[in-house]
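# Understanding the architecture of this molecule
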Amino acid sequence: MSYLRKIEYEIVPTESFTVIRGCSGCGGKTYFKNTKKFRVNANGSKLDVWLIYQCEKCKHTFNLTIYERQNALAIPRDEYSRFLDNDEQLAEMYGRNLQLFRRSRAEVDFERMHYQFVKRQDGTVEADGREQQIMLSIHNPCGLKIRPEKQIAGMLGLSRNQVQKMMQEGEIEPENISPQFVSFYVKEHLL
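Predicted, not measured: the structure shown is a model, and the values here were computed from it. (Residues numbered from 1 in each chain as written. Predicted model: local features only at pLDDT ≥ 70, side-chain atom pairs only at ≥ 80, totals over all residues. Heavy atoms only, no water.)

### Remarks on the packing of aromatic side chains
Under the counting rule described, the total for this entry stands at eight aromatic pairs. One aromatic cluster in this structure is built from Phe17, Phe32, Tyr53, Phe62 and Phe101. When the ring centre of Phe32 is taken as reference, the NZ or CZ atom of Arg21 above it lies at 5.9 Å. Of note, Arg112 hangs over the ring of Tyr31, and the distance from its end group to the ring centre comes to 3.8 Å. (Phe/Tyr/Trp six-rings, centres within 6.5 Å; stacked < 30°, edge-to-face > 60°. Lys NZ or Arg CZ within 6 Å of the ring centre and 35° of its normal.)

What follows is the structure, given as structure tokens:
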């Protein structure tokens, strides 16, 4: 029985998402950045918590909803304290939570987004007649809108044209391609 090397990567955003939205100060659509600050408002026993975003040009703000009319006892004390202290790590965590943006119907700028490939696992699997190849997989747990060829190109340090050419020549063989997961085989000399 023969084995081949299998390497798994994960796409991890390196900064908060940028939002595209209309700005009343600029009079049109512009980019809003995470200020890493929260706004907390209490109304009786209900709390609202927002992450504050700011226009890159004119500094107008908009509040991205984290909690809306939430019972104060339902928010963990430690997290509530971190909101009040404007904890930057917590602001970054919420600034990378794509479900939060979808729930608020905020348009994320995927074109200017920065991310990295983080190696999660390096092992072996049964070869299936592919002894001279390596199986690579890329997990996209955030569901970032990145085309599969761009994911492969970014991970291998190639251009998308080079990847497409190598796919045609059989040096890169896609196995599974979906928005959340891409796996493919490559010749050993490409790594």
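### Considering the pairing of strand S8 (residues 133–139)
Looking down a regular strand, the side chains alternate between one sheet face and the other. Taking burial as the measure, the seven residues of S8 include six buried ones, the bulk of the element. Where strand S1 (residues 3–13) lies against S8, six bridges are found, and the strand directions are parallel. The residue bridging Glu8 from the neighbouring strand is Ser137, located in S8. For S8 and strand S10 (residues 181–187), the ladder comprises seven bridges, and the chain directions are antiparallel. Bridge pairing in S10 places Leu136 opposite Phe184. (Buried < 20%, exposed > 50% of the residue type's maximum accessible area, 1.4 Å probe, protein only. Helix = DSSP H or I, 4+ residues; strand = E, 2+ residues; numbered from the N terminus. Pairing = 2+ DSSP bridges.)

### Considering the state of the cysteines
Within this structure, the stated rule accounts for zero disulfides. Free cysteine: Cys23, not disulfide-bonded; nearest cysteine sulfur from Cys58 at 3.4 Å. Note on Cys23: relative accessible area 4%, which makes it buried. We note that Cys55 lacks a disulfide partner, and the nearest cysteine sulfur, in Cys26, lies 3.6 Å from it. (Disulfide = S-S within 2.5 Å.)

### A few points about the packing of helix H4 (residues 148–156) against helix H5 (residues 160–169)
Relative to each other, H4 and H5 sit at 100°, their axes nearing to 9 Å. The angle between H4 and H5 falls in the class roughly perpendicular. Facing Glu149, Lys150, Ile152 and Ala153 of H4, the residues of H5 in contact are Arg160, Val163, Gln164 and Met167. By residue class, the composition of the contact of H4 with H5 is four nonpolar, one polar and three charged. (Axes fitted to C-alpha atoms, helices over the stretch in contact; angles between N-to-C directions. Parallel < 35°, antiparallel > 145°, perpendicular 65-115°, else oblique. Contact = heavy atoms within 4.5 Å. Nonpolar A, V, L, I, M, F, W, Y, C, P; charged D, E, K, R; others polar.)

### Some thoughts on H4
All buried positions along H4 are accounted for by Pro148, Gln151, Ile152, Ala153, Met155 and Leu156. Elements in contact with the buried residues of H4: S1, strand S7 (115–126), S8, H5, strand S9 (172–177) and S10.

### Things to note about empty space enclosed by the protein
Which parts of space are left empty comes out when a probe the size of a water molecule is rolled across the atoms. Under the definition given, this model contains one cavity of 30 Å³ or more. As a volume, the largest cavity reaches approximately 40 Å³. Looking at the lining of the largest cavity residue by residue, the class counts come to two nonpolar, three polar and three charged. (1 Å grid on protein atoms, 1.4 Å probe; cavity = no way out; pocket = protein on both sides within 12 Å on 5 of 7 lines; lining within 4 Å. Points joined across faces, edges and corners; volume = space filled by probe spheres on them.)

### What about helix H2 (residues 88–95)?
Within the span of H2, buried status applies to Leu90, Ala91, Glu92, Tyr94 and Gly95. Packed against the buried residues of H2 are strand S3 (28–43), strand S4 (46–55), strand S5 (61–71), helix H1 (77–84) and helix H3 (98–103).

### A closer look at the layout of surface pockets
Reported here for the largest pocket is a volume of approximately 170 Å³. Around the largest pocket, the lining residues are Phe110, Glu111, Met113, Tyr115, Lys145, Ile146, Arg147 and Lys150. Counted by class, the lining of the largest pocket contains four nonpolar, no polar and four charged residues.

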